[in-house]
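Notes for the structure review
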Amino acid sequence: MATDEGRSALSIAQHRFEATAEALGLDESLRGILRAVKRELVVHFPVEMDDGGFRVFTGFRVQHSVARGPAKGGLRYHPAMTLDDARALAMHMTWKAAVVDLPFGGAKGGVICDPRALSASELERLTRRFTTEISIIVGPDRDIPAPDLGTNPQVMAWIMDTLSMHAGFSVPASVTGKPISIGGSEGRFTAPGRGLTIVTVEAMRDRGLDPMGATVAVQGFGKVGSVSADLLTRAGMKVVAVSDSAGGIYRGDGLDLAALRALKEEGGRLADYGAADQLSNDELLTLEVDVLVPAALEGQVTAANADGVRARVIAEGANAPLTLEADTMLEDRGVLILPDILVNAGGVVVSYFEWVQDLQAYFWATGEVNSRLKEVMVRSYQHVSARAAQRDVTLRSAAYEIAVEKVAEATRVRGIYP
Ligand code: GLU
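To start, this report covers the structure provided alongside it.

So, how was this worked out
Residues numbered from 1 in each chain as written. Predicted model: local features only at pLDDT ≥ 70, side-chain atom pairs only at ≥ 80, totals over all residues. Heavy atoms only, no water. 1 Å grid on protein atoms, 1.4 Å probe; cavity = no way out; pocket = protein on both sides within 12 Å on 5 of 7 lines; lining within 4 Å. Points joined across faces, edges and corners; volume = space filled by probe spheres on them. Helix = DSSP H or I, 4+ residues; strand = E, 2+ residues; numbered from the N terminus. Nonpolar A, V, L, I, M, F, W, Y, C, P; charged D, E, K, R; others polar. Pairing = 2+ DSSP bridges. Axes fitted to C-alpha atoms, helices over the stretch in contact; angles between N-to-C directions. Near = heavy atom within 4 Å. Polar contact = N/O pair within 3.5 Å; in protein donor to acceptor, adjacent residues only side chain to side chain. Salt bridge = Lys/Arg side-chain N within 4 Å of Asp/Glu carboxyl O.

1. Considerations on the layout of surface pockets
- Estimated volume of the second largest pocket: approximately 410 Å³.
- Taken together, 15 residues line the second largest pocket, and the ones lying closest to its centre are Ile33, Lys38, Val66, Ala67 and Thr411.
- Sorting the residues of the lining of the second largest pocket by element identifies α2 (28-35), β2 (54-65) and α14 (395-414) as the ones contributing at least two each.
- Counting residues per element, the lining of the second largest pocket draws most heavily on α14, which supplies 3 residues.
- Of the residues in the lining of the second largest pocket, the class split is 9 nonpolar, 4 polar and 2 charged.

Shown next as structure tokens:
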């Protein structure tokens, strides 16, 4: 999706890569390899609608890199999805997997559609046909999809079932974020929010900021935002504002998150909640809070509203929620920015655990998943933080340097075929 500065998610991803390659002094031939998206598939496919007619949808699957292992990344169902978004987010996944040291490359895909405007059976037919179209490049040792915006465990179940029907046997490791009953992992659903909470608490303590009682505003109340709100509260913080696409709500003495989740589960909008003040998404971003968690779409904090942001810490729950200009403006003001490829990597970390469990057909208890997740997130944060201190750069630059270095090294040591 284009941002207000006219920079697409792809140009932001490319800019970040080029800046990192420059800082690392990467030679031009390696740069050329890493900046290119390895493989991209665009599919146009018909789906039978409930009224008996057929509609043609467009979908994508893009693999940026497989240098460190099979490609990994989500599938997004969104009306504004573009091929460039898939390219940008695939590259993003390569760095995310590398910074937390998973043996994966990066991929992303999705379908241009509004899942809320489709019936459950239309969504199932769309998913099964799309899966069939991309089945030529996905699989447990090639490319493993997962949930992203607009997709959920049920969609993953249909994908797993479709790929399994084609194979003639169950292939649970072909997709992650599945329901637990078919090989999903304990703790996968809460993993992005749990990882975000772990890194946020760790980073605040590290910088002498007390998480206890810190006020929080969360933009987005989906898979990442709602769980983050909950777990940040359990970590001692006070969530005073949350929002969904229709707008937000504010309550200075803290929101009743269980009531808000119940409202959302019934199909309601946060703005319908009576026991809080209403505010717009833009007002939420500029609230006087200690911690801001943009956990909705890309490009939400821009040059136009960054000056108004008053949080001291920003934990990027979404992928690329800050434009390049906003990022620089906030960094210059000394705001502590916890970069997306680190702070929201909990989802893909537990996706990795899910894939490992499926391949071994041996499943772990929730406590084991969560403690291994904590270990990976804390270790990765400390690694990034030490690098930032050593090189006197931001946490984002340090995270990118670590990630690009790893992928560059894998590419170099494998050599170029033939
Ligand atoms: N869609 C998630 C992300 O952006 C998860 C990807 C995965 O688990 O493969 O990180």
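The rest of the description comes next.
2. A look at the sheet that holds strand β3 (residues 71-78)
- In space, the 5 strands of this open sheet follow the order β1-β2-β4-β3-β5, with mixed pairing throughout. The open sheet terminates on both sides in strands that have one partner only, identified here as β1 (39-48) and β5 (143-147). Across the sheet, the mean angle separating the axes of adjacent strands is 25° when strand polarity is ignored.
- In this structure, β2 lies alongside strand β4 (residues 105-112), joined through 6 bridges in antiparallel fashion. The residue bridging phenylalanine 60 from the neighbouring strand is glycine 110, located in β4.

3. Let's talk about the site of the ligand
- Around the ligand lies a shell of 14 residues, among which Lys72, Lys96, Pro147, Asp148 and Ser351 are the nearest.
- Between the ligand and aspartate 148 there is a distance of 2.8 Å, counted from a nitrogen atom to a side-chain nitrogen or oxygen.
- Contact distances for the ligand include 2.6 Å between an oxygen atom and a side-chain N or O atom of serine 351.
- The set of elements that each furnish at least two residues to the shell around the ligand consists of β3, α3 (83-99), β5 and α12 (346-360).

4. Describing the pattern of salt bridges
- Taken as a whole, this structure holds 35 salt bridges when the rule is applied.
- Of the charged contacts, one joins arginine 128 and glutamate 124 as a salt bridge, the two residues approaching to 2.9 Å between their closest N and O atoms. Taken together, the positions of arginine 128 and glutamate 124, both in helix α4 (residues 120-134) and 4 residues apart, correspond to about one turn of that helix.
- Among the charged side chains, a network of salt bridges with common partners joins Arg16, Glu316, Asp327, Asp340 and Arg396.

5. Points about empty space enclosed by the protein
- Evaluation of the coordinates by the stated rule reveals 1 cavity of 30 Å³ or more.
- Space inside the largest cavity adds up to approximately 60 Å³.
- Lining the largest cavity we find Ala9, Ile12, Ala13, Arg16, Ala88, Leu89, His92, Glu298, Ala320 and Tyr400.
- Listed by contribution, the elements that provide at least two residues to the lining of the largest cavity are α1 (9-24) and α3.

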